[in-house]
Amino acid sequence: MTYPTNPNDPDYVLAELLSHIEQRDATDSESRAKTRLSSPRLGALKTSPSPVYMRPAAAFVRFLRKNHVVIYANSPSPTSTLTAPSNQGLLNTLESLPPEDLQSLITEFLKSHPVDAMLLAARLKGKTISSDLSKADPFIRFAMYQVALGDENVCTFTVRLGQDFLERLSQRTHDNLSQLINDRVKTCLNEFLPGQAVPFWFVLENSGTDIAGFHIHGEVVADKDTLPLVKQAFEKTGLGYQQRWKNRRVHFGEPTLSSTNRSGQCLSEVDNPERVSGSSMSFHWANYSAKDVKYVQSYWQSRDVRLGKLWKTSTGLNQEAAACLGLFKLLLDYQPARAGYA
């Protein structure tokens, strides 16, 4: 079967789901068993879901932000503000709604988003997750970071760290490596974009067994005007990296299935690119970024290298991502069958 490849095609997400199901069914049982055993656990959900199943979380937050004025008017503490509240504000409001109003709201969402209703019913029916982001599977965490970044100008990135910088870090054996890198990212961003809030997240990864393999994957919000400055900041973050093979010091892509985001033309090198937004985004980059978290943690801990938590965010993003997870849990707890979607 031929599937549409344009992320803007209304049938693209459905095609992505069908393609995933076909690939899963084509996998032999032994491989599936190995995958299940190696997959990180996610509370009551048992296994980390495919990236396509995170689409309802983003769609629900998008729906709430679009309808926040109506939602606030129906809440016990209505507000007249026309400015979309924070994700935490949305979560607080929904949790204060009478159960029948919340169920009515979710029913309206499911009726107006049939693809997301299908995804919930097909894979997540009868499941739930913890609302505690600190206990979430790394992929779920990174997916919630992406949801919290919003629908516009989200760029994926890889920054390779130079030998000079890494050797300097390795000498500070009593420090937290990921925190030191996070401090440097923030310092460099503030140097090139002084006083501007630049939302981002990253995870520390190592592609080998020596310090030279350290790099970071993540996402940042940057439009066409700020992206060149973010690139300069990230290049300075990767102090001293010497390009090997086709690896760039800094590479930008977009959160879509059609791009590997690791090779090919960098987004910063494209003149006036047509940026993807909203439902055209996928969560495959979040999934890719989570792939080696457990390996990196266990390998370097066994060598007494203090990495700390491998993931870091810009100020406030972790709290907003935690609220996104809370909103997703509300959606899952009100099962599709209870809202008329068996």
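Residues numbered from 1 in each chain as written. Predicted model: local features only at pLDDT ≥ 70, side-chain atom pairs only at ≥ 80, totals over all residues. Heavy atoms only, no water.

What to know about the overall build of the protein chain
Quick reminder of the rule: Under the DSSP-based scheme used, a helix requires at least four consecutive residues in state H or I and a strand at least two consecutive residues in state E, with every element numbered from the N terminus. Exposure classes here rest on a 1.4 Å probe applied to the protein chains alone. A residue is buried below 20% of its type maximum, exposed above 50%, and partly exposed in between. Note on contacts: a residue pair is in contact if any heavy atoms of the two residues lie within 4.5 Å.
Helix and strand content of the protein chain: 14 helices and five strands. For the protein chain, buried positions account for 47% of its 342 residues. When contacts within the protein chain are restricted to residue pairs at least 6 apart in sequence, those whose partners lie at least 24 apart make up 74%.

Notes on helix α8 (residues 138-149)
Where we set the bar: Expected span, for any helix, means 1.5 Å times one less than how many residues it has. Contacts described as polar in this section are N or O atom pairs within 3.5 Å, which, within protein, must combine one atom able to donate a hydrogen with one able to accept it, while residues neighboring in sequence count only if both atoms come from side chains.
The end-to-end C-alpha separation of α8 is 17 Å, in line with the 16 Å expected for twelve residues at 1.5 Å each. Every buried residue of α8 is listed here: Pro 138, Phe 139, Ile 140, Arg 141, Phe 142, Ala 143, Met 144, Tyr 145, Gln 146, Val 147, Ala 148 and Leu 149. Measuring from the backbone nitrogen of Phe 139 back to the side-chain oxygen at the start of α8 gives 2.7 Å, which picks out Asp 137 as the cap. Looking one or two places after α8, you find Gly 150, whose phi comes out positive at around 100°.

Here's the deal with the side chain of His 217
Looking at the element boundaries, His 217 is found in strand β3 (residues 214-221). Looking at His 217, its side chain comes within polar contact range of the side chain of Thr 158, at 2.8 Å. Among the polar contacts made by the side chain of His 217, one reaches the side chain of Glu 205 at a distance of 3.5 Å. Not counting the four nearest positions on each side in its chain, His 217 is found in contact with Phe 157, Thr 158, Trp 201, Phe 202, Val 203, Glu 205, Trp 285, Tyr 288, Ser 289 and Lys 291.

Considerations on the pairing of strand β2 (residues 200-206)
Note on strand geometry: in a regular strand, side chains alternate between the two faces of the sheet. Applied cut-off: For two strands to be treated as a pair, DSSP must find at least two bridges joining them.
Buried residues dominate β2, accounting for seven of its seven residues. The side-chain alternation of β2 yields two buried faces, one formed by Phe 200, Phe 202, Leu 204 and Asn 206 and the other by Trp 201, Val 203 and Glu 205. Pairing analysis gives seven bridges linking β2 to β3, with the strands arranged antiparallel. Directly across from Phe 200, in β3, lies its bridge partner Val 220.

Quick word on the nonpolar core
Selection criterion: In this description, a nonpolar core means a group of buried Ala, Val, Leu, Ile, Met, Phe, Trp, Tyr and Cys residues linked to one another through side-chain atoms lying within 4.5 Å.
With 83 residues, the main nonpolar core has Met 144, Phe 234 and Phe 252 as its most contacted residues. Counting residues per element, this core draws most heavily on helix α14 (residues 317-333), which supplies ten residues.

Some thoughts on the side chain of Asp 116
Its location among the elements puts Asp 116 in helix α7 (residues 114-124). For Asp 116, the residues in contact, after removing those within four places along its chain, are Arg 55, Pro 56, Ala 59 and Phe 109.

Thoughts on the environment of Ser 314
Relative to the assigned elements, Ser 314 resides in the loop between β5 (311-313) and α14. Judged by relative accessible area, Ser 314 falls into the buried class, the value being 9%. Separated by 116 residues in sequence, Ser 314 and Val 198 have C-alpha atoms that sit 7.3 Å apart. Among all residues touching Ser 314, those that are not within four sequence positions of it are Lys 186, Val 198, Pro 199 and Phe 200.

Brief notes about the environment of Phe 63
Secondary-structure assignment places Phe 63 in helix α3 (residues 55-66). Overall, Phe 63 belongs to the buried group, its relative accessible area being 7%. With 46 residues separating them in the primary sequence, Phe 63 and Phe 109 have C-alpha atoms 7.1 Å apart.

A word on the sheet that holds β2
For clarity, the cut-off: Lines fitted to C-alpha atoms define the axes here, with helix axes fitted over just the stretch in contact, and angles between the N-to-C directions of these axes take values from 0 to 180 degrees.
Taken in spatial order, the five strands of this open sheet run β4-β1-β3-β2-β5, and their pairing is antiparallel. Across the chains shown, the open sheet's two edge strands, defined by having one partner strand only, are β4 (250-253) and β5. Direction aside, the axes of adjacent strands within the sheet are offset by 20° on average. Bridging between strand β1 (residues 154-160) and β4 involves four bridges; their strand directions are antiparallel. Across the sheet, the residue bridging to Thr 156 is Gly 253, located in β4. Docked against the sheet, α8 engages β1, β2, β3 and β5, running at close to 150° with respect to β2. Where helix α11 (residues 227-237) meets the sheet, its contacts fall on β1, β3 and β4, and the angle it forms with β4 comes to roughly 145°.

Comments concerning the pattern of salt bridges
Where we set the bar: A carboxyl oxygen of Asp or Glu within 4 Å of a side-chain nitrogen of Lys or Arg is what we treat as a salt bridge.
All chains considered together, the criterion is met by seven salt bridges. For Lys 329, the salt bridge goes to Asp 333, with nearest N and O atoms at 3.3 Å. Residue Lys 329 and its partner Asp 333 are located together in helix α14, separated by four residues, close to a single helical turn. Taken together, the shared-partner salt bridges in this structure form one network comprising Glu 205, Lys 291 and Asp 292.

Notes on the packing of α3 against helix α5 (residues 87-96)
The line we're drawing: Here the word oblique covers every angle except those under 35 degrees (roughly parallel), over 145 (roughly antiparallel) and from 65 to 115 (roughly perpendicular). Under the convention adopted here, Pro, Cys and the residues Ala, Val, Leu, Ile, Met, Phe, Trp and Tyr are nonpolar, Asp, Glu, Lys and Arg are charged, and Gly plus all remaining residues are polar.
Contact geometry of α3 with α5 gives a least axis separation of 11 Å together with a crossing angle of 85°. For the element pair α3 / α5, the angle class is roughly perpendicular. Contact with α3, carried on its side by Phe 60, Val 61, Leu 64 and Arg 65, involves Asn 87, Leu 90 and Leu 94 of α5 and no other residues of that element. Its residues assigned to classes, the contact of α3 with α5 comprises five nonpolar, one polar and one charged.

Keep in mind that these numbers describe shape and distance, not what the molecule does.
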